[in-house]
Amino acid sequence: MFRKLIKLMSQKAGITVLSLLVNIAIIVFGVWYLSVQYWWVWIVLHAVSFFICIYIVSRDINPSYKLSWCILILLFPAFGGLMYLFIGRQHTPRRVRKRLKRASDATQVLLNMTNAEFVKTRNALNPTEFSCADLILNSASYPVYGNTAAKYYPLGDLFFPDLVRDIRAAKRFVFMEYFIIDSGEVWNEIESALIERAAAGVDVRLIYDDVGSMFTLPKKSIKHLMNCGVKICPFNKITLSFDMRLNNRSHRKITVVDGEIAYTGGNNIADEYANKKSRFGHWKDTHMRFTGDAVWSFTIMFLSFWHTISTEPIAYNKYLLPSATPAAATGYVQPLASGPDKHENLIERAFINLISTAKKYVYITSPYLILDNEIQTALVNAARAGVDVRIIIPKKPDKKAVYLTTKSFVPLLIKAGVKVYTYSPGFIHAKMIIVDDDRAYIGSSNMDYRSFHLHYECGALLYNVDVIHEMKSDFIATQNVGRELTYDNFKVNPLVKPVYAILRLLAPLM
């Protein structure tokens, strides 16, 4: 046990955790010591916390986030203000913002090149569909593409073999970006394929999130990849200082192969996603494979981040392929990404549009259900308007505090007519919305505050694509092995209601 602890503390993850604890201890001890020695320090700290509350309220951010932090600061005025400065600030560091702006300016022109085709595509959409398409296009210039075929994977077990096969067949480049990369059978196979392609002269690049993969991606694996010719970079690298940003992570899941194939969905790279090991029972996650014109947007998403974290100049145009219509291409696809560097909250806006414009049904899967007022209102209004709203959440949690917060929202939804199911076989990690047989979303974004406001996310909106029916069938099959929750499930303990109320109040901090 002692040896394991020494080994952990010698690694970056252990050093980072230790640094975080030391910083917190310095703040707590410093406040206590100075307050004992100098009576006026306590007054100054209270004043600082008051002005920080004023600053938070004045910011153009989600009201729920403001309220949660203000309550926390007012409850603990001596420490609350300093803790907000330490871990609560929502904005991306200035250095990263400048680089993102530089990358955004470079890619905006390239996205606009394809927007000319949007006029033709838009005319093929019905008014409900192009209201969502217009929203995304006007907010962030992400085009709608025809000429794009889609393949749906209802399980990670089915997704990973195709991913490895496509990587091994790459001839020009392989781009991968994932929140979590965990050593194991799945990663070993992918790592082998990446090294093999790099040795063959293929341009292989990998982005991993420095927090998401902190405890799972060994330093020796990173060095081995770099020595074998794979270009690899962490996103938003953690530095050992008082400004350790644990927010603003890249939660995105993207693979692009040769500009011809793109993958996105909920799967990270780890054995539990392929059910090669069991952590919380059966792991249910979904993914999508695209071929055709829409791959260009995913290529730009990856390269814009690479442009942000690397000093290497990017010749974007060399990755653009001539348009070609893949076999069995139906409907239209609109890739999109969002993040805290902008205030659009783009994916949340897309979710609200999908829910608010539904006429028959809205089916949602999400591992976490931590709702802000906008999403909660959209779900409640849709259910009360007679729309069949169903949500599937896990039965077995991966994070108990977050799961308890998720459950705190369930009684409110059930009371409004939303049907909520738990995935009885284990843990559902899929992030999907299916609406009225003709619209859908699949991607990396959970139905929670962190995904909507704090992290970088991606995904794709589908309009009249054949696989929407497969997504719907899979949802029904998943629902059928689950259990529907009722309002009576939450009436057992009278102490639960105030606990749930507190959790909902603090939900944006989860």
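Residues numbered from 1 in each chain as written. Predicted model: local features only at pLDDT ≥ 70, side-chain atom pairs only at ≥ 80, totals over all residues. Heavy atoms only, no water.

Caption draft 1: The arrangement of the overall build of the protein in detail. When you go through the protein residue by residue, the secondary structure sums to 18 helices and 19 strands. Relative to its 510 residues, the protein shows a buried fraction of 56%. The contacts in the protein between residues at least 6 apart in sequence include a share of 82% that link residues at least 24 apart. Only carbon and sulfur atoms are counted for the fraction: they give 61% of the accessible area of the protein, which is about 21600 Å². (Helix = DSSP H or I, 4+ residues; strand = E, 2+ residues; numbered from the N terminus. Buried < 20%, exposed > 50% of the residue type's maximum accessible area, 1.4 Å probe, protein only. Contact = heavy atoms within 4.5 Å. Areas by Shrake-Rupley, 256 points an atom, 1.4 Å probe, with all protein chains shown as cover.)

Caption draft 2: Representation of the packing of helix α13 (residues 346-356) against helix α14 (residues 373-384) in the model. At a closest axis distance of 9 Å, the pairing of α13 and α14 adopts a crossing angle of 10 degrees. Taken together, the axis directions place α13 and α14 in an arrangement best described as roughly parallel. Contacts between α13 and α14 involve Glu348, Phe351, Ile352, Ile355 and Ser356 from the first element and Glu374, Ile375, Ala378, Leu379 and Ala382 from the second. When its residues are assigned to classes, the contact of α13 with α14 shows seven nonpolar, one polar and two charged. (Axes fitted to C-alpha atoms, helices over the stretch in contact; angles between N-to-C directions. Parallel < 35°, antiparallel > 145°, perpendicular 65-115°, else oblique. Nonpolar A, V, L, I, M, F, W, Y, C, P; charged D, E, K, R; others polar.)

Caption draft 3: The sheet that holds strand β16 (residues 439-443), seen in detail. Across the sheet, eight strands lie side by side as β9-β18-β16-β15-β10-β12-β13-β19; this open sheet has mixed pairing. The two strands at the open ends of the sheet, each matched to only one other strand, are β9 (332-338) and β19 (483-484). Pairing between strand β10 (residues 361-365) and strand β15 (residues 432-435): four bridges, direction antiparallel. By the bridge assignment for β15, Thr365 is matched with Met432. (Pairing = 2+ DSSP bridges.)

Caption draft 4: Quick peek at the packing of α14 against helix α15 (residues 400-416). α15 packs onto α14 with a crossing angle of 25 degrees between their chain directions and a minimal axis gap of 8 Å. The angle between the axes of α14 and α15 places the two elements in the roughly parallel class. Contacts between α14 and α15 pair Gln376, Leu379, Val380, Ala383 and Arg384 from the former with Phe409, Leu412, Leu413 and Ala416 from the latter. Within the contact of α14 with α15, the residues separate by chemical class into seven nonpolar, one polar and one charged.

Caption draft 5: Structural detail: the environment of Ile54. Tracing the backbone shows Ile54 in helix α3 (residues 39-58). Classification of Ile54 by relative accessible area gives partly exposed; the value is 45%. In this structure the C-alpha to C-alpha distance between Ile54 and Cys70, which are 16 residues apart in sequence, comes to 8.8 Å.

In short, geometric facts, not functional conclusions.
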